[in-house]
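Notes for the structure review
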Amino acid sequence: MQGTKLSAYLLIATGVLHNAIGFIISAPVLGDIASEGFFNTVVMQHDRNAAFWFLFSGFALILMGLLLLELRRIPRTFAWALLTLNIIGVVIMPVSGLWLVLPQAVYMLRQNVGKRLVSI
């Protein structure tokens with residue numbers, strides 16, 4: 001497996017893990033949302049907002065990984081943006097799973113030394 005394909009699979013796995021945890025810890029809240037019919041059920045309730053954004057970000061990680069699998073090359077700006085966002089996230093919320101993505105972003109950048117693009 002080439003190094004940058006590994007990055008794609010790791011992002012997908014991180015997103016799947018993130019959502020598995022999200023579905024488990026948010027099951028009661030998700031049940032409430034479902035019982036109310038989903039539409040406009042996450043207005044100003046913090047527990048529902050947290051569950052929604054937790055799952056939404058997990059799906060975003062999965063989509064990013066799937067996109068990387070389809071690209072022939074990963075733009076260096078993607079790795080820098082991923083690293084920057086996760087550093088900000090870790091500073092704001094150090095007790096979180098954001099630490100899982102930091103080494104992935106660093107790995108993408110290391111694969112990218114001296115190149116404009118990373119080959120997949």
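Below is a short write-up of the structure. (Residues numbered from 1 in each chain as written. Predicted model: local features only at pLDDT ≥ 70, side-chain atom pairs only at ≥ 80, totals over all residues. Heavy atoms only, no water.)

Looking at the side chain of His18
Looking at the secondary structure, you find His18 in helix α1 (residues 3–25). Side-chain polar atoms of His18 contact the backbone oxygen of Phe54, separated by 3.0 Å. If we ignore the near neighbours within four places in the chain, the residues touching His18 are Phe54, Ser57 and Gly58. (Helix = DSSP H or I, 4+ residues; strand = E, 2+ residues; numbered from the N terminus. Polar contact = N/O pair within 3.5 Å; in protein donor to acceptor, adjacent residues only side chain to side chain. Contact = heavy atoms within 4.5 Å.)

A word on the environment of Ile88
Take Ile88: it is sitting in helix α4 (residues 76–92). For Ile88, a relative accessible area of 45% gives the class partly exposed. Considering only alpha carbons, one finds Ile88 and Leu98, 10 residues apart in sequence, at a separation of 9.6 Å. (Buried < 20%, exposed > 50% of the residue type's maximum accessible area, 1.4 Å probe, protein only.)

Regarding the side chain of Arg48
Structurally, Arg48 is set in helix α3 (residues 46–70). Of the residues examined, Arg48 reaches a relative accessible area of 6% and is grouped as buried. Engagement of the side chain of Arg48 in a polar contact is seen with the side chain of Gln45, the distance being 2.9 Å. Excluding anything up to four places from it in sequence, Arg48 contacts Val29, Asp32, Ile33, Glu36, Thr41 and Val42.

Observations concerning unusual backbone geometry
Its identity is not glycine, yet Phe38 carries a phi of approximately 70°, on the positive side. Relative to the elements of secondary structure, Phe38 occurs in the loop between α2 (27–35) and α3. By relative accessible area, Phe38 is classed as exposed at 58%. Residues other than glycine seldom take positive phi values, yet Asn40 does so here, at roughly 55°.

Description of the layout of surface pockets
Considered as a void within the structure, the largest pocket measures approximately 680 Å³ in volume. Along the wall of the largest pocket there are 25 residues; nearest its centre are His18, Ser57, Leu61, Asn86 and Leu98. Broken down by secondary-structure element, the contributors of at least two residues to the lining of the largest pocket are α1, α3 and α4. In terms of residues, the lining of the largest pocket owes the most to one element, α4, which gives 8 residues. Taken together, the residues of the lining of the largest pocket sort by class into 18 nonpolar, 7 polar and no charged. In this model, the second largest pocket occupies a volume close to 170 Å³. Together, Leu30, Ile33, Ala34, Phe38, Thr41, Val42, Arg48, Ala51, Phe52, Leu55, Phe56 and Phe59 line the second largest pocket. (1 Å grid on protein atoms, 1.4 Å probe; cavity = no way out; pocket = protein on both sides within 12 Å on 5 of 7 lines; lining within 4 Å. Points joined across faces, edges and corners; volume = space filled by probe spheres on them. Nonpolar A, V, L, I, M, F, W, Y, C, P; charged D, E, K, R; others polar.)

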